[in-house]
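Notes for the structure review
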Amino acid sequence: MSPRNLCCQAVRRRLRELGYAVGRFPTGERNAIVDVPGVLVGHRTLVEGDRLRTGVTAILPHGGNLYAEKVLGACHVINGYGKAAGLSQLEELGTIESPLLLTSTLSVGPVLEGGLRHVLEANPEAAVDRDTVNVIVAECFDGWLSDARSLPVRPEHALQALAAAGPDELGEGAVGAGAGTTCFGFKAGIGTASRRAGGHALGCLVCCNYGGRRDLHLLVGPPGLELADAPEPPASGGSIVIVLGTDAPLSERQLRRVAGRATFGLGRAGGIGANASGEYALAFSTAQRIAHLEEADRLELRFLRDDSAALRELFEAAAEVVHEAVLNALCVADSMEGRDGNRVEALPYELLEHAPGVRRAP
């Protein structure tokens, strides 16, 4: 891995390390999705010569057996130009029974297989009779910097991301599924953030790959207009995967509402839902687990009221964490060269000075 390929010439820093902040709620201890108790994150990054800049990211709502002890979850499709797997059953049943896996668009198949192998190994009774397994995989296209057509991601890479998952993973920028992604024509990738709101933790992880230079002014204000015609990857414009996790006791319906509020954070972060921009928000709660097999016919679950002050704060905080997670991805990611000499620069920090919704931290 040569300096010419990754162009790491200076230490890149997160938004708050640069002295900026967004929103009004306090962050969690690490300002990351792993601030939600029990949540694990893992990455497998594939960087090979000038050809590959890709990978897999795994988010586990808890470290136990997710198939045996499911969590409530939901998905909100902002713009459905995407190739995600497992979302129809999530929509129908409102439960998550596998780790959430993120990868490159053409790698959904092998990553799904890796996720299946992970679940099947831990559950020898699964998929024997009538019960099947629903693995959720979401994607962003990294073909500007990586040779996507070579289909480099294999099932074992998903297994390696899962094996690496832990409660202290704070990697951002060009890691895992974000190794080769761009945003507004700059290098981006994985970003994360968290909040304490409504008496609960709310965390976010994004893999961002949306927006072109013509949209940059929506993120940073008038200075972005001066760069509207600057060179950029020719396919700039699509996609983002947003994962929100909380320890608040929310139903699958309420989680769908929280996921929907990610749209407002994406808007603050310059997203407009371009034609070929697949934009998906997933949300889960770790507060209660649903047993795969249960003798009782009824579940006894308790949720926040829809009209509670706590849920209102979580709605607002959802927009905040998405906005900050995107900015963290852009701030941390460094310039990069990849396939066929294609190059993407790092976001200049001076563009943050007049960015709407971004303020100097006290």
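Thresholds applied
- Residues numbered from 1 in each chain as written.
- Predicted model: local features only at pLDDT ≥ 70, side-chain atom pairs only at ≥ 80, totals over all residues.
- Heavy atoms only, no water.
- Buried < 20%, exposed > 50% of the residue type's maximum accessible area, 1.4 Å probe, protein only.
- Helix = DSSP H or I, 4+ residues; strand = E, 2+ residues; numbered from the N terminus.
- Pairing = 2+ DSSP bridges.
- Salt bridge = Lys/Arg side-chain N within 4 Å of Asp/Glu carboxyl O.
- Disulfide = S-S within 2.5 Å.
- pLDDT = per-residue confidence, 0-100.
- Contact = heavy atoms within 4.5 Å.
- Expected span 1.5 Å × (residues − 1).
- Axes fitted to C-alpha atoms, helices over the stretch in contact; angles between N-to-C directions.
- Parallel < 35°, antiparallel > 145°, perpendicular 65-115°, else oblique.
- Left-handed = near helix turned anticlockwise from the far one by under 90°.
- Nonpolar A, V, L, I, M, F, W, Y, C, P; charged D, E, K, R; others polar.
- Core = buried A, V, L, I, M, F, W, Y, C linked by side-chain atoms within 4.5 Å.
- Phe/Tyr/Trp six-rings, centres within 6.5 Å; stacked < 30°, edge-to-face > 60°.
- Lys NZ or Arg CZ within 6 Å of the ring centre and 35° of its normal.
- Polar contact = N/O pair within 3.5 Å; in protein donor to acceptor, adjacent residues only side chain to side chain.

Before going further, it helps to examine the pairing of strand β13 (residues 279-291). Within β13, ten of the 13 residues are buried, which leaves the element mostly enclosed by the surrounding structure. For strand β4 (residues 69-79) and β13, the ladder comprises ten bridges, and the chain directions are antiparallel. Residue pairing in the sheet places A74 in a bridge with A283 of β13. With seven bridges joining them, strand β12 (residues 240-246) and β13 adopt parallel strand pairing.

Taken as a whole and judged by the stated rule, the model has 21 salt bridges. Among the ionic pairs, D35 bridges to R30, the shortest N-O distance being 3.4 Å. A salt bridge links R195 to E324; the shortest N-O distance between them is 2.6 Å. With R195 in strand β10 (residues 189-197) and E324 in helix α7 (residues 309-332), this residue pair connects regions lying 129 residues apart in the sequence. For R195, a relative accessible area of 1% translates into the label buried. Here E324 falls in the buried class, since its relative accessible area comes to 0%.

Attention now moves to the state of the cysteines. Within the structure shown, the criterion is met by zero disulfides. No disulfide involves C183; its nearest neighbouring cysteine sulfur is the one of C208, lying 4.4 Å away. You can call C183 buried: its relative accessible area is 0%.

Right, let's get into the confidence of the model for the protein. On average, the protein scores 93 in pLDDT, and the residues at 70 or more come to 96%. Between residues 1-9, whose pLDDT stays under 50, and residues either more than four places distant or in other chains, the model counts 20 contacts.

The subject of this paragraph is the side chain of S251. Looking at the secondary structure, you find S251 in the loop between β12 and α6 (252-268). Residue class for S251 comes out buried when judged on its relative accessible area of 7%.

With 17 residues, α6 should cover 24 Å at 1.5 Å per step; its first-to-last C-alpha distance of 25 Å lies within 8% of that length. Looking at the buried residues of α6, the elements they touch are β4, β12, β13 and α7. Residue G270 follows α6 closely and has a positive phi angle near 90 degrees.

On to the packing of α6 against α7. Two elements in contact, α6 and α7, have axes whose closest approach is 7 Å; the angle formed by their N-to-C orientations is 40 degrees. The angle between α6 and α7 places the two elements in the oblique class. Note that α6 runs across α7; the crossing there is right-handed. The segment α6 lies against α7, with Q254, R257, V258, R261, A262, F264, G265, L266 and R268 engaging L311, F315, A318, A319, E320, V322 and H323. For the contact of α6 with α7, the residue count by class is nine nonpolar, three polar and four charged.

A word on the nonpolar core. C208, Y210, I242, L244, L330 and L352 are the most contacted members of the largest nonpolar core, which has 56 residues in total. Going through the elements one at a time, β4, β10, β11 (200-208), α5 (216-220), β12, α6, β13 and α7 are the ones with two or more residues in this core. Broken down by element, the residue count for this core peaks at 14 residues, all from α7. Not counting residues within four places of it along the chain, the set of residues in contact with C208 comprises T181, T182, C183, A188, G189, S239, I240, V326 and A329. Of all hydrophobic cores here, the second largest spans 29 residues; its members include V39, I59, L87 and L102.

Okay, the packing of aromatic side chains next. Scanning all chains against the criterion turns up one aromatic pair. The ring of Y67 carries the charged tip of K70 above its face, separated from the ring centre by 4.3 Å. One residue, R261, lies across the ring of F315, its end atom 4.0 Å from the ring centre.

Between helix α3 (residues 108-122) and helix α4 (residues 155-164), whose axes approach to 7 Å, the crossing angle comes to 55 degrees. Taken together, α3 and α4 sit at an angle that is classed as oblique. As α3 packs across α4, the resulting crossing turns out to be right-handed. Counting all contacts with α3, which are made through P110, V111, E113, G114, G115, R117 and H118, the residues of α4 involved are P155, A158, L159 and L162. Of the residues contributing to the contact of α3 with α4, the split by class is six nonpolar, three polar and two charged.

This part covers α7. With 24 residues, α7 ought to run about 34 Å at 1.5 Å a step, and its terminal C-alpha atoms sit 34 Å apart, in line with that. Most of α7 is tucked away, with 20 of its 24 residues classed as buried.

Along the chain, K187 turns up in strand β9 (residues 186-187). What makes K187 buried here is its relative accessible area of 0%. Along the backbone, K187 and G173 are 14 residues apart, and their C-alpha atoms lie at a distance of 7.8 Å. Within the structure, the side chain of K187 is placed 3.0 Å from the backbone oxygen of G178, a separation counted as a polar contact.

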